[in-house]
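# Coordinate inspection notes
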Amino acid sequence: MNIEEKTGILIIGAGPSGLLAAISASRFTSDITIAEKMYAPGRKLLLTGNRRCNITNLHPMDDFYKKIHPNSKFLKHAFNVFFAEDILNLLHDCGVETAEENDRKIYPKSGKAEDVLVALMGKLNERKIYVTCNLKIKSFSLKNNLIDCVECEDGTILKPEQIILCTGGKSYPGTGSTGDGYSLAEKVGHCIIPTYANLVPLETEGDNASRLQGLSLGKTGVSLWINNKKISEIKGELIFTHFGLSGPAIINLSRYAVKDIDKEQSVEIRLDLYPQYDEQRLDFKMQDDIGKHGKMKIDNLFKLWLPAKMADFFAEELKIDRELTAHQFSAEMRKRTRNLMKSLRFKIIGHRSFKEAIVTAGGISTKEIHSKTMQSRIVPNLFFAGEILDLDGDTGGYNLQIAYSTGWLAGESAASNLYRKQRSLA
Ligand SMILES: Cc1cc2nc3c(=O)[nH]c(=O)nc-3n(C[C@H](O)[C@H](O)[C@H](O)COP(=O)(O)OP(=O)(O)OC[C@H]3O[C@@H](n4cnc5c(N)ncnc54)[C@H](O)[C@@H]3O)c2cc1C
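Residues numbered from 1 in each chain as written. Predicted model: local features only at pLDDT ≥ 70, side-chain atom pairs only at ≥ 80, totals over all residues.

With that settled, consider the overall build of the protein. From N to C terminus, the protein includes 15 helices and 20 strands. Out of the 426 residues belonging to the protein, those deemed buried represent 43%. Across the protein, every contact between residues at least 6 apart in sequence was considered, and the portion connecting residues at least 24 apart equals 74%. (Helix = DSSP H or I, 4+ residues; strand = E, 2+ residues; numbered from the N terminus. Buried ≥ 20, exposed ≤ 12 C-beta atoms within 10 Å, placed from the backbone. Contact = placed C-beta atoms within 7 Å.)

Written as structure tokens, this is what we have:
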């Protein structure tokens, strides 16, 4: 037998966007139900920032617009209503101390993502709002162009006045984000911009990367080339894996590569291991070292210039006789070494799947949502927040900020709709 439950606001999904929507709405009403299909809320939030949670960053708002795609200006109102200082004030208020790290990124001082989740849950519990776990929303039914009934997998029927859809994207599906919200929205008339795995590690041809497996490089010049044209370049960290390349620099560049990889275009990553030196300066350095260490074996000379694993790789790639000593290192050998140092190339033949993607690109078209409220232009009692939207940011706290800001605005707007509706009935 189905149980029918009335509720003012139904929030679907207890990730950061759903929790922020609930905290925001709870300032105006306690008639809120949060449905979460997993056994507990915030499973993905716990994994963020290598379980340390890069909460947000302190770059100015204009920088956020540059790092969010494809239509960051859609977030203008949401950011004006609730931005980085607001989530930090909220967390500080709950006793979470934060610390600024490189590139203005903010983390909990404890280094634990769990503290962020506990704080958000604590805020809700303080207002006597609880998450109903193991409750998966299956379908919506419409009446007079409004969502009238919501069916859950266990047969429960919910009768909400306002609905906020916060089911996230498709990445890391083990956390509960399996793309359910896209089909729920599509069935009530929303257009879904095709989704793809974004911010993903890249797979390389041959065994060059796997020979260097485990090696991580600090500030390296990393450029992305598609059909022999340079598309983008950044300086950053990367790591060699058994399948190819990963690490922040690669993951951030992947956004410009994934579609072309899927279309089987020629995609290449080129590494500049000495981004701070131009060719000439690098040659001076090499000559200087050779002059100082004339009797040194080539193997050891390479180790002056490169991490040990990379030094071996270079000697093999360049087919250099390792018995030679530094003073036998010819101008031609120096040139070949320098060329490889300035442009170590990896042909990209694939990318990792949604299982390993930090974020999902594509989603609910923002053209069908009012940016001032997060309300659907198609179904007026439906709101959206978080990664389900066709918005995604680079690494660095941008994606969580999208979730908090849109969640906060959606919660406030749904509560105000509920209030207006209740007043009109009174
Ligand atoms: C490994 C990893 C590390 C990351 N690190 C960072 C970081 O440090 N900083 C940063 O800014 N971003 C980071 N991100 C991205 C960030 O975690 C997401 O963008 C953010 O969690 C999106 O929030 P959300 O609430 O929209 O969706 P989600 O966090 O995906 O939450 C959606 C929730 O909805 C629930 N749900 C789904 N379908 C249903 C249904 N049918 N019924 C009921 N409930 C449902 C899910 O179980 C889930 O709990 C990281 C992502 C990953 C995968």
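Lining the immediate surroundings of the ligand are 38 residues, of which Gly13, Gly15, Gly168, Gly176 and Gly386 lie closest. When contributions to the shell around the ligand are tallied by element, the ones reaching two or more residues are helix H1 (16-25), helix H2 (43-51) and helix H15 (398-425). Considering each element in turn, the shell around the ligand owes the most residues, six residues, to H2. Tallied by class, residues from the shell around the ligand come to 16 nonpolar, 15 polar and seven charged. (Near = placed C-beta within 6 Å. Nonpolar A, V, L, I, M, F, W, Y, C, P; charged D, E, K, R; others polar.)

Right, let's get into the domain arrangement of the protein. By domain assignment, the protein separates into domain 1 (4-197 + 360-425) and domain 2 (201-352). Here the C-alpha centre of domain 2 lies 41 Å away from the C-alpha centre of domain 1. Taken together, the residues of the side of domain 1 that touches domain 2 sort by class into two nonpolar, one polar and one charged. (Domains from an automatic or database assignment.)

As summarised here, the arrangement of the three strands in space is S3-S6-S5, forming an open sheet in which the pairing is antiparallel. Single-partner strands in this sheet number two, and they are strand S3 (56-57) and strand S5 (98-100). As defined by bridge partners, S5 adjoins strand S6 (residues 105-108) across three bridges and the pair is classed as antiparallel. For glutamate 100, the partnering residue across the bridge sits in S6 and is isoleucine 106. (Pairing = 2+ DSSP bridges.)

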